Amino acid sequence: MPEESMHYLVWVVWPPLCPLSFSVHVKSKCVAADTNWWTLQVPSVSPSLPLLARFHQSGRPYQPSILARHENKKKNQMAGPLVGPLVAIDFGTYNSGYAFAANELDPAALQQKRNVRALINVKHQWPGSSGDYPKHRTALLYQKDLREPLHEYVDWGNLAWKKSVSPKLQESGMLVFLDRIKLLLNNEWAASEAGQLVMDQLAAVYPDAAVAGHRVEHCIGVYLKHMASEVQKDIQSRKGGSPPDLHTIRWVLTVPAMWTPRAKARMRKAMSLAGLIPAEDSANLLLCLEPEAALLSVAMTSESVKVDDNVLVVDCGGGTIDLAAFSVVKNPAAEGSIHMLELAPGEGIIGGSSLVDQAFEAYLRTVLGPAASAKLFNSSELRAKAMNAWQTIKNSFDGTVSDGSNEITIGKPIGRMKDENGVLVSERIIKANKDAIPGNTDPGEGEVLQLSTDLVRSFFHGVLDQIRDVTLRMLDKCSDPATGATAVNKVACVGGFSTPYVVGIIRKDVTKVHSAVRVLVPATPGSAVLEGAVIFGVDPNVVQSRCLRQTIGYQCRIRATDDQDLSDVDWYRTKKGRRMIRYGFRKVATLGELKTRGEVCQCGVSVDAGASDAELRVYISNQTQPLSIEDDGCQHVGTVKVTISPSATERGLDVAFVFGATEISVMVTNSANGEVFDTSLQYE
């Protein structure tokens, strides 16, 4: 390298969930650091610039002081002192909720488990709902062709659902009911059948497909804005005085463990658009993984989970099932406190209670016929009565109730209708009751639909098969290959879909294969994630290690070995006869590797003379040994932009990858004088 070359240090912080990689040639080495990383956040997005030209190996040592300067920089990005309360939001596919600390939580109280649940307030009463439930429907009601959703819409949450079936509003023909929008934040979920249905809903609001693709965050921002308003009113009513300034609140937002860095960044954007944080990279917001929050709640609010337990968390929600396994160990630095170490890469699937609801609705429509179904589902009163009755049955069903005790009142107005063949709907209901319950001696008069035990079970079958498969697969991941015995000794079922029947089936399937494993349910499974998120906000360092869910790499030209098969790879031969992979995937870390907080991988790069900026292209893969970024399973997740001072000579950069936080952070530093340069991360 020329004597006049300038050296820079690039720090990239990400969790194993959020793999980051660069499009650079590098030979890497790993070192460790014990710095507190959780305050580092994702920088703002800016346009992309040309790729780095050439790269070299760096021999300079790791400099932990860089991270202290980065932490101070991020603290300066806060809108003001965080004097407000700690608030956690669980933004769900079908239902969302929030919780906040009643007072400033004392870490010592958490360590000693001194009545932790009493210190956390979970919202249970919501607009448009008469029940007591910790979640509010994740839904919005729009008018067609609306262009500014942050300023104009019809309603949100439960009220949006009720108004969506109002005959008066439906007459206008301009209403679009939008729910499950969370599915569109993650590419894999958006490509699913359910995701495509949501995209169709969004397209009805924004006919221009390109516009619709950029409006997901705005729609979520609308919902979060009203959630924040409820937070302010709730805190003011409990504590008195003026409502808290949103920019002084310490926000903790829960996200699925399987989400990509891009999906998490889009939630930051939504929080910023909603006005909850002053900027997308604000340190006022901390993201928390949902299974981690759930286990924290169980561990810190009960005696069900103790030190030395290995726990698989099965988070059963309305639209997704999220799984992660952890070992609970003592925190050597604080008596009575715990740390969590991930045992294996987690998994997640699209599926939950919503699939059971869909199966029931399909059966109900079959029984009633098209005309009667339309009348029932287009009436807010009749629809609410039928679906509320079904929700009660679903949530209390344990698989052993007597036939005929599960009833859905349809009512006389529907029963008096006739189908397309002139048959009374009441007669169709009576026939369905007889078919569902063989030997039924009291099928009723056609006003009440009777559901047999076997029929209710059938509504659960599809999703339960998925839950069983992914649960057993996770237990196998944590097993000893030689003996087949799993390291997990407890399975914790959390989430609103952890109903008696679902938990019973999980317990039966798990103990059949792993008889020593205990399946447990917390006292409040529906609010476990919210409670744990508040606890996580007090001590985000509690999760000390995570497993990589993807292989991490970066785009660069790679010299192929003599024995590598390049038949499916774009490659060329140099003048010296070397085989070079043109769009190579340079691996930094492999799927399944355990990464502790603060673990650093360093590498060196160089920039051509005259260059004033550089791009570092980030890739992930579901393969363990990808050769090229064009291989199946590879995904470009983003681009790191580095702005540097022009120079007449080639310059060197030191690149450091730091594991352990929940999000990606990027930092560039002149290693000669410690100057920190602006960087940005743009997601594709």
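Parameters and conventions
- Residues numbered from 1 in each chain as written.
- Predicted model: local features only at pLDDT ≥ 70, side-chain atom pairs only at ≥ 80, totals over all residues.
- Heavy atoms only, no water.
- Pairing = 2+ DSSP bridges.
- Helix = DSSP H or I, 4+ residues; strand = E, 2+ residues; numbered from the N terminus.
- Axes fitted to C-alpha atoms, helices over the stretch in contact; angles between N-to-C directions.
- Contact = heavy atoms within 4.5 Å.
- Parallel < 35°, antiparallel > 145°, perpendicular 65-115°, else oblique.
- Nonpolar A, V, L, I, M, F, W, Y, C, P; charged D, E, K, R; others polar.
- Left-handed = near helix turned anticlockwise from the far one by under 90°.
- Phe/Tyr/Trp six-rings, centres within 6.5 Å; stacked < 30°, edge-to-face > 60°.
- Buried < 20%, exposed > 50% of the residue type's maximum accessible area, 1.4 Å probe, protein only.
- 1 Å grid on protein atoms, 1.4 Å probe; cavity = no way out; pocket = protein on both sides within 12 Å on 5 of 7 lines; lining within 4 Å.
- Points joined across faces, edges and corners; volume = space filled by probe spheres on them.
- Expected span 1.5 Å × (residues − 1).

1. Quick notes on the sheet that holds strand S19 (residues 543-547)
Right, so step 1: In space, the seven strands of this open sheet follow the order S18-S17-S12-S13-S14-S19-S23, with mixed pairing throughout. Two strands bound the open sheet, and with one partner strand each, they are strand S18 (518-520) and strand S23 (594-596). Strand-to-strand twist of the sheet, defined as the mean angle between neighbouring strand axes without regard to direction, takes the value 25°.
Right, so step 2: Note: S19 against S23, three bridges, orientation antiparallel. By the bridge assignment for S23, Ser-545 is matched with Thr-596.
Right, so step 3: Contacts between helix H16 (residues 453-477) and the sheet are confined to strand S12 (310-316), strand S13 (320-330), strand S14 (338-350) and strand S17 (490-494), with S14 contributing the most and set at about 140° to the helix.

2. Re the packing of helix H10 (residues 290-301) against helix H18 (residues 528-538)
Right, so step 1: Two numbers describe how H10 lies on H18: the axes approach to 7 Å, and their chain directions differ by 85°. In terms of orientation, H10 and H18 fall into the roughly perpendicular class. Contacts between H10 and H18 involve Glu-290, Glu-292, Ala-293, Ala-294, Leu-296, Ser-297 and Met-300 on the former and, on the latter, Ala-528, Val-529, Glu-531, Gly-532, Ala-533, Ile-535 and Phe-536.
Right, so step 2: In terms of residue class, the contact of H10 with H18 is made up of nine nonpolar, two polar and three charged.

3. Points about the packing of helix H8 (residues 216-239) against helix H9 (residues 261-273)
Right, so step 1: Running from amino to carboxyl end, H8 crosses H9 at an angle of 55°, the nearest separation of the two axes being 8 Å. For the element pair H8 / H9, the angle class is oblique. Crossing hand, H8 versus H9: right-handed. Two secondary-structure elements touch here, H8 through Val-216, Glu-217, His-218, Ile-220, Gly-221 and Leu-224 and H9 through Arg-266, Met-267, Lys-269, Ala-270, Met-271 and Leu-273.

4. Here's the deal with the packing of aromatic side chains
The geometry of two aromatic rings is summed up by the distance between their centres and the angle between their planes.
Right, so step 1: Counted by the stated rule, this structure contains 11 aromatic pairs.
Right, so step 2: Look at Phe-91 and Tyr-223: their rings are 5.9 Å apart centre to centre, the planes differ by 70°, and that puts the pair in the edge-to-face class. Residue Phe-91 is located in the loop between strand S3 (86-90) and strand S4 (95-101), and its partner Tyr-223 is located in helix H8; the two are separated by 132 residues in the primary sequence. In this pair, the class of Phe-91 matches that of Tyr-223, namely buried.
Right, so step 3: Note on Trp-156 and Tyr-223: the rings are 5.1 Å apart at their centroids and 75° apart in plane angle, and the pair reads as edge-to-face. Remark: Tyr-223 occurs in helix H8 and Trp-156 occurs in strand S8 (residues 155-156); sequence separation between them is 67 residues.

5. Focus on the layout of surface pockets
Right, so step 1: Its boundaries defined by the atoms lining it, the second largest pocket holds a volume of some 500 Å³.
Right, so step 2: Glu-188, Met-258, Arg-549, Gln-550 and Asn-622 are, among the 22 residues lining the second largest pocket, the residues nearest its centre.
Right, so step 3: For the lining of the second largest pocket, the elements supplying multiple residues, two or more each, are helix H5 (187-190), S14 and strand S25 (613-621).
Right, so step 4: The element that contributes the greatest number of residues to the lining of the second largest pocket is S14, accounting for six residues.
Right, so step 5: When grouped by side-chain class, the residues that make up the lining of the second largest pocket number seven nonpolar, 10 polar and five charged.

6. A few points about the sheet that holds strand S9 (residues 175-179)
Right, so step 1: Ordered in space as S8-S7-S9, the three strands form an open sheet in which the pairing is antiparallel. Of all the strands in the sheet, just S8 and S9 have a single pairing partner and so form its edges.
Right, so step 2: Summarising the sheet, strand S7 (residues 139-143) and S9 pair through five bridges and their orientation is antiparallel. In the sheet register, Tyr-142 faces S9, and the bridge partner there is Val-176.
Right, so step 3: Strand contacts of helix H6 (residues 193-205): S7 and S9, with the helix running at about 145° to S9, the strand carrying the most contacts.

7. Details of the environment of His-218
Right, so step 1: Here His-218 is to be found in helix H8.
Right, so step 2: Put simply, His-218 and Leu-273 are 55 residues apart on the chain and 6.7 Å apart in space, counted from C-alpha to C-alpha.

8. Overview of helix H17 (residues 500-513)
Right, so step 1: Counted at 1.5 Å a residue, the expected span for H17 with its 14 residues is 20 Å, and the 20 Å between its end C-alpha atoms agrees.
Right, so step 2: Among all positions in H17, only Tyr-501, Val-502, Val-503, Ile-506, Asp-509 and Val-510 are buried.
Right, so step 3: Where H17 is buried, its residues meet S12, H16, S17 and S18.

9. A word on unusual backbone geometry
Right, so step 1: The phi dihedral of Arg-180 falls on the positive side, at around 55°, and the residue is not glycine.
Right, so step 2: Positionally, Arg-180 belongs in the loop between S9 and H5.
Right, so step 3: Take Arg-180: its relative accessible area is 11%, and that puts it in the buried class.
Right, so step 4: With a phi close to 80°, Asp-308 is a non-glycine residue in the positive phi region.
Right, so step 5: Within the element layout of this structure, Asp-308 appears in the loop between H10 and S12.
Right, so step 6: For Asp-308, a relative accessible area of 61% corresponds to the exposed category.

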